[in-house]
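These are the residues of each chain, in order.
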Amino acid sequence: MPCELEQDSVKTFPGLTLFSKRGSACRKPTAVYLPPKHLATNHALNVVLWLHGFYVKDHRYLLHSDAARVREQVLGSGKDVVLIAPFLGYEYLDAKKEFEGDYSVAALEGEKWGERYLDEVLAALARFQNPSTPPALDIKNLVIACHSGGGGGMRKLVGTLGKYQSRLKECWGFDCLYGKKIVPDDATFWYQWVSGQGGRPLHIVYGPSTLPQSVKLYLMGRGKATSQGNKADPPRAPLNNLHVTIGHYETYSTHGQTVKVGSYIDSVVDDLMTRPSPKARPSTKPAKSFVEQAADNLLANFIFVEQDDIHYFIARAFFLSKLRSAPF
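Residues numbered from 1 in each chain as written. Predicted model: local features only at pLDDT ≥ 70, side-chain atom pairs only at ≥ 80, totals over all residues. Heavy atoms only, no water.

## Observations concerning the overall build of the protein chain
So, point 1. Looking only at helices and strands, the protein chain has nine helices and 13 strands in total.
So, point 2. Relative to the compact-globule value of 20 Å for 328 residues, the protein chain shows a C-alpha radius of gyration of 21 Å, a close match.
So, point 3. For the protein chain, the spread of C-alpha atoms along the principal axes amounts to about 75 × 50 × 40 Å.
So, point 4. Burial statistics for the protein chain: of 328 residues in total, 51% are counted as buried.
So, point 5. Partitioning the intrachain contacts of the protein chain with sequence separation of at least 6 by distance along the chain shows that 72% fall at a separation of at least 24. (Helix = DSSP H or I, 4+ residues; strand = E, 2+ residues; numbered from the N terminus. Rg over C-alpha atoms; globule rule 2.2 N^0.38 Å. Buried < 20%, exposed > 50% of the residue type's maximum accessible area, 1.4 Å probe, protein only. Contact = heavy atoms within 4.5 Å.)

## Observations regarding helix H7 (residues 266-274)
So, point 1. Turning to H7, its buried residues are Val-269, Asp-270, Leu-272 and Met-273. What you see down the axis of H7 is that its buried residues fit within an arc of 165°, all on one side.
So, point 2. Tucked inside the fold, the buried residues of H7 contact strand S10 (202-206), helix H6 (211-221), strand S11 (242-246) and helix H8 (290-301). (Arc of directions from axis to C-beta.)

## Considering the pairing of strand S4 (residues 44-51)
So, point 1. Within S4, seven of the eight residues are buried, which leaves the element mostly enclosed by the surrounding structure.
So, point 2. Bridge count for S4 against strand S8 (residues 138-147) is eight bridges, and the pairing is parallel. Bridge pairing in S8 places Val-48 opposite Val-143.
So, point 3. With three bridges connecting them, S4 and strand S5 (residues 82-86) associate as parallel partners. When the sheet's bridge partners are listed, Val-47 is paired in S5 with Val-82. (Pairing = 2+ DSSP bridges.)

## Side note on the environment of His-147
So, point 1. Within the secondary structure, His-147 sits in strand S8.
So, point 2. Counting along the chain gives 130 residues from His-147 to Ser-277, while the straight-line C-alpha distance between them is 29 Å.
So, point 3. What His-147 contacts, discounting residues up to four positions off in sequence, is Trp-50, Leu-51, His-52, Gly-53, Phe-174, Cys-176, His-311, Tyr-312 and Ala-315.
So, point 4. A distance of 3.0 Å separates a polar atom in the side chain of His-147 from the backbone oxygen of His-311. (Polar contact = N/O pair within 3.5 Å; in protein donor to acceptor, adjacent residues only side chain to side chain.)

## Quick look at helix H9 (residues 310-324)
So, point 1. Taking 1.5 Å of rise per residue, the 15 residues of H9 would be expected to cover 21 Å, and the 20 Å separating its terminal C-alpha atoms lies within 8% of that figure.
So, point 2. On the buried face of H9, the contacting elements are S4, helix H2 (70-77), S5, S8, strand S9 (168-174) and S10. (Expected span 1.5 Å × (residues − 1).)

## Let's talk about a nonpolar patch on the surface
So, point 1. A surface patch of nonpolar side chains, about 350 Å² in accessible area, is lined by Tyr-55, Tyr-92, Leu-93 and Phe-99.
So, point 2. Within the secondary structure layout, Phe-99 lies in strand S7 (residues 99-101).
So, point 3. Its relative accessible area of 42% is what places Phe-99 among the partly exposed residues. (Patch = residues over 30% accessible without salt bridge, like charges linked within 9 Å, V, L, I, M, F, W, Y side chains within 5 Å. Areas by Shrake-Rupley, 256 points an atom, 1.4 Å probe, with all protein chains shown as cover. Salt bridge = Lys/Arg side-chain N within 4 Å of Asp/Glu carboxyl O.)

## Re the side chain of Lys-28
So, point 1. Its place among the elements puts Lys-28 in the loop between strand S2 (16-20) and strand S3 (30-34).
So, point 2. Setting aside anything within four residues of it in sequence, one finds Lys-28 in contact with Ser-20, Pro-86, Phe-87, Ser-104, Ala-107, Leu-108, Trp-113 and Tyr-117.

## Considerations on the nonpolar core
So, point 1. Of all hydrophobic cores here, the largest spans 98 residues; its most connected members are Trp-50, Leu-217, Leu-298 and Phe-319.
So, point 2. For Phe-319, the contacting residues outside a window of four places in its chain are Val-48, Trp-50, Val-70, Gln-73, Val-74, Leu-83, Ala-145, Trp-172, Phe-174 and Ile-314. (Core = buried A, V, L, I, M, F, W, Y, C linked by side-chain atoms within 4.5 Å.)

## Quick word on the pattern of salt bridges
So, point 1. Under the counting rule described, the total for this entry stands at 13 salt bridges.
So, point 2. One salt bridge in this structure joins Glu-109 and Lys-156, with 3.4 Å as the shortest N-O distance. With Glu-109 in the loop between S7 and helix H3 (113-129) and Lys-156 in helix H4 (residues 150-157), this pair connects stretches of sequence that are 47 residues apart.
So, point 3. The shortest N-O distance in the salt bridge between Arg-222 and Asp-270 comes to 2.8 Å. Of the two residues, Arg-222 sits in the loop between H6 and S11 while Asp-270 sits in helix H7, which places them 48 residues apart along the sequence.
So, point 4. Overlapping salt bridges, with partners in common, bring together Arg-222, Lys-224 and Asp-270 in one network.

## Brief notes about the packing of helix H5 (residues 186-195) against H6
So, point 1. Their axes nearest at 8 Å, the elements H5 and H6 cross at an angle of 35°. The element H5 and its partner H6 pack so that their crossing is right-handed. Across from Asp-186, Ala-187, Thr-188, Trp-190 and Tyr-191 in H5, the residues of H6 making contact are Gln-213, Lys-216, Leu-217, Met-220 and Gly-221.
So, point 2. The residue makeup of the contact of H5 with H6, split by class, is five nonpolar, three polar and two charged. (Axes fitted to C-alpha atoms, helices over the stretch in contact; angles between N-to-C directions. Left-handed = near helix turned anticlockwise from the far one by under 90°. Nonpolar A, V, L, I, M, F, W, Y, C, P; charged D, E, K, R; others polar.)

## Section: the environment of Leu-217
So, point 1. Within the secondary structure layout, Leu-217 lies in helix H6.
So, point 2. A relative accessible area of 0% places Leu-217 in the buried class.
So, point 3. Considering only alpha carbons, one finds Leu-217 and Asp-186, 31 residues apart in sequence, at a separation of 8.1 Å.
So, point 4. Beyond its immediate sequence surroundings of up to four residues, Leu-217 is in contact with Leu-177, Ala-187, Trp-190, Tyr-191, Leu-202, Ile-204, Leu-242 and Val-244.

## Some points on the state of the cysteines
Note on terminology: a disulfide is the covalent bond linking the sulfur atoms of two cysteines.
So, point 1. Tallied over the full model, the rule gives one disulfide.
So, point 2. Put simply, Cys-3 and Cys-26 are joined by a disulfide, and their sulfur atoms are 2.1 Å apart. Where Cys-3 bonds to Cys-26 through sulfur, the torsion about that S-S bond is close to 90°, and the disulfide is right-handed. Here the residue Cys-3 occupies a position in the segment before strand S1 (5-7), and Cys-26 occupies one in the loop between S2 and S3, the gap between them amounting to 23 residues. Per residue, the accessibility class of Cys-3 equals that of Cys-26, and both read buried.
So, point 3. Cysteine Cys-146 shares no disulfide, and the gap to the nearest cysteine sulfur, in Cys-176, comes to 3.7 Å. (Disulfide = S-S within 2.5 Å.)

Structure representation (structure tokens):
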């Protein structure tokens, strides 16, 4: 049986929610969402391929219960976007606070995995729309977006898009740069990808848990740091298609009032990175690298509002923001 999609049995959410059928030959269990604005007669699709992180129990949970609430963001953006989300496994903390589960992004780096997966889902969507005469669906604009542990998947997937590589417009990563121990590390990998042949604009938004690698990528992109974490001397030219932003609340509600927080422009972030922590004490340990010290300074000086929720806030608010400003 080829990969097949069926409509969600819970039909209260606006638009059309589909899930891959149990037992059908899909490369990954998959969730698909088409907002009310999408017309079935539109065969040139704007696709956002979403790669989730840990704590997602199955592909239905991803759209029904996950705190990123990706369907809501697509609906709220008002854009004609087809959301496609493969299920990558369920990872969770056990009673000993150790990770258990089967979350894995290893398969995504297979030869042309991304092309074959998108071919499969588009064919399944076409058969759902018209079983007797499936329309010839194609991708006009493609964005890969990820949250948390999905960053590893995005890193693997960008090299496997095949014929869809030319349709890739941007990559969006939300609190997703954890890879320091792999070679090259996440910051170096993405810097090389963006600046290399075929690179695309990359937008990264980060919180405290992904701050070290994100700060490194930010400083490399600004021409201020090397891949070894040292200060670039002389500075290099900045990359115009690399955007690394600290996660912050533009507005939030507290005690019945809406509070406005100013946007953090690069000059403010730069200042916080160079300002020593007021609580810093003399240390006999070896001096930290330029990037490590900048990350420490920023973490000490920047206040993340409601820090326990910032990880999913970044996924929700900045995914919505990127959708609204998307070039399609």
